Structures are given as structure tokens and as C-alpha cells.
Amino acid sequence: LRAFTGANYAVGVNSGTDALKLSYKALGIKQGDEVITVSYTFLAPIEEIVHHGGIPILVDVGEDGLMNIDELESAITPQTVGIVPVHLSGKVCDMKRIKEIADKHGLWVVEDACQALGAKWKGKMAGTIGNTGCFSFIPPKTLGGGGDGGGIVTNNAKLYQKLLLLRNHWNITQNALLGRQPKTPKIMGWGYNSRLDNIHAAVLNVKIKHYPQMLKRRKEIAMMYEKGLQGLPIKLSNTQPEQIYQEYIIRVPDIWKFKQYMEKCKIELLIRDIIPNYKLNGLGLNNFNLPITDILAKETVRLPVYPELKNSEIEYVVEKIKEFYKVAL
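Heads up: these notes are all about the structure in this document. (Residues numbered from 1 in each chain as written. Predicted model: local features only at pLDDT ≥ 70, side-chain atom pairs only at ≥ 80, totals over all residues. Heavy atoms only, no water.)

### Some details on helix H8 (residues 291–299)
Along an α-helix, residues three or four positions apart point the same way, because every turn accommodates 3.6 residues.
Consideration 1: Of the positions making up H8, those classed as buried are Thr293, Asp294, Leu296 and Ala297.
Consideration 2: Those residues of H8 that are buried lie in contact with strand S10 (248–251) and strand S11 (300–303). (Buried < 20%, exposed > 50% of the residue type's maximum accessible area, 1.4 Å probe, protein only. Helix = DSSP H or I, 4+ residues; strand = E, 2+ residues; numbered from the N terminus. Contact = heavy atoms within 4.5 Å.)

### Some words on the packing of aromatic side chains
Consideration 1: Under the defined criterion, the tally for this structure stands at nine aromatic pairs.
Consideration 2: Between phenylalanine 4 and tyrosine 211, the aromatic rings sit 5.4 Å apart at their centres with planes inclined by 65 degrees, giving edge-to-face as the arrangement. Residue phenylalanine 4 is found in helix H1 (residues 2–5), and its partner tyrosine 211 is found in helix H6 (residues 198–228); the two are separated by 207 residues along the sequence.
Consideration 3: When its relative accessible area of 22% is taken as the criterion, phenylalanine 4 is described as partly exposed.
Consideration 4: Three or more aromatic residues link up through ring pairs in this structure, and these residues are Phe258, Tyr261, Phe324 and Tyr325.
Consideration 5: Directly above the ring of tryptophan 121 sits lysine 122, whose terminal nitrogen or CZ lies 5.3 Å from the centroid. (Phe/Tyr/Trp six-rings, centres within 6.5 Å; stacked < 30°, edge-to-face > 60°. Lys NZ or Arg CZ within 6 Å of the ring centre and 35° of its normal.)

### Some thoughts on H6
Consideration 1: Along its 31 residues, H6 runs 42 Å from first to last C-alpha, staying within 8% of the 45 Å computed at 1.5 Å per residue.
Consideration 2: Of all the bends found along H6, the most pronounced is centred on histidine 210 and spans about 50 degrees, while proline 212, a proline, follows it within four residues.
Consideration 3: For H6, the complete set of buried residues consists of His200, Leu204, Tyr211, Met214, Leu215, Arg217, Arg218, Ile221, Ala222, Tyr225, Glu226 and Gly228.
Consideration 4: Against the buried residues of H6 lie H1, S10, S11 and helix H9 (311–324).
Consideration 5: For H6, the side-chain oxygen to backbone nitrogen distance between the N-cap and isoleucine 199 is 2.9 Å, and the N-cap itself is aspartate 197. (Expected span 1.5 Å × (residues − 1). Bend = angle between axes of the 7 residues up to and from the residue. Polar contact = N/O pair within 3.5 Å; in protein donor to acceptor, adjacent residues only side chain to side chain.)

Interpretation in functional terms is not warranted from these geometric data alone.
Set out below in C-alpha cells:
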């Protein structure tokens, strides 16, 4: 992971969620600290702020589904300690502007790059620009392992050493049962059990050798969609020149009619998070106003893009989408 991203250090952990949790902890989050992130994402980056006693401050996204940087500075208060940009679906947030704002206000940046391993921003790998970058290796991700798994990259040696302690009970002695006893520090702290399982690591060590080819094939599939779906009454995915394709997202006016028709054609779609997580009952986040997040939640559909797809299958998907809109082939 270190070699692939070009980061100075990499740490294997139990999940992408734990990558976020340990990053926040290593950077010193405390009770009452505010951390700015987005709602248009899986719940984990928000959830782990709350688990540490922090307060999530949510800003909206743009039409591309990425953090709206124009809203960022006005969300900063004296209690703000960090920013968590989410690189959704293989696209990368404007890290130059985010870092400029963070540096100006003395804030840390944790990149949620769980869906962006291999994507770049201005030539720099996603995850290597902030204080830490967090990755997920669950099977649905572009580099999926055999089960739960995650990773953290950083360029900071002190952060790296602290992350190693946090993921492994602060290296207390009974970890000799694992077959290798790391050195226990003289001053102890409270850690977690968040090691990356050896079997999952072995699977990932094999798959990462093939990962560039997998990303290349995903891009080929996405470009077939891009070309084949032009001219239809749908909004195609906003693209970046250095993104990867964790998913290929389109926006359609009526997602349920569309899904029903595609299922009749034996085409699996992914529709999720139709209620934005900040509006879920019981979370106490509904004081935010995020209109673009609301629109995207109601319109986005994910098409198949896994690298094992055949060209004939992509063509079939395109054909059936055109058929749904009654456009002559």
C-alpha cells in the first residue's frame, strides 16, 4: 500500500471505518471538538466523529457529489479541529483548496479515500495529501479482500508510530500470541483491536499486483457507458481526468421505475441512501440544510462496472437503458 500510493508509511487495520477512527484519535480529537465533513457519503466518517465525543458539522456537496469547498470556510468556528473530505465513487475533492483552508486555520485533514484507491488530484495520490488517508478493502471496493479490512497512509513518522500502537492494544505483551511481539512502549495508552487479518492481507498482497489492470478495465467500461448513453434524458457521471471508477453513477428522474425495468432485463443496479443520513431519525443531525445532498439521494443509480464484465454485457446494459427511454437504437 505504501509503495502503490507513494506515501511514506502505511498501516493495515480492521476496516475503513477503523481507519477513520484511529486517524481521528491519533490526531487528538477530544470531547466537543467540531469536525467538518459531508452527509453525501456512507455514515462512517460522521459516526466516528461522534464516537470520539466530537460534533460533526456537515456542509453540502456540489453536483459532482464532492464537498462544496465554497461552504467550507464559513463552517469553521473556534471549536473546529479538522476537515474530512470524502472522495466519493473514485473522484477526488479539491485538495489544494481544502489544504489551503486547513493550513490557514490550523486544522488537520483526514481524507476518506475508501472509494478512491489509485485516484489522483493534480498528480498526487488520493490519501497522501492530508494528514492521513483512509482506505477500505471490503469485497465491494475496487481492491476488495476476503472480508473486512482497511488501511491508513501518512507521511508523518510520529502519526505512523501512534497508529501502530492504537491498532494493537498499545502493543501490550499478550500480543506475543500472534507470533511476533512488538516492543511495548514505556508509557502506555489505551488502544484498540484493529489489526488487519493475515489471511485478508495475503489476499490483498496478491490482488494489488493486478490492481492497475483492474482499474484500467473499469475505466474502459465507464467510457463505454459515457459514449453509449449520450443524448438520453439522464445526467451522466461528472468525470475527472485522474479519477478511478469505484462506481459509475447516473442520475435518472424516476429511480424506482428505472430499477424495476432493469431488473426485468436481469440487470442489477445499486440504489442506496435514498434518505440522506443527516435526516435519519435519532442521529440529531437534521439541523443542517443540504439541498444538493437531498437531490442526489433521490436521483442517483449505480450501474455495473466490475472488471469481469464483458463488452457484450455492457452493450446489453446500454441497449436496455435506451429501450427504457424508447430511443431508437
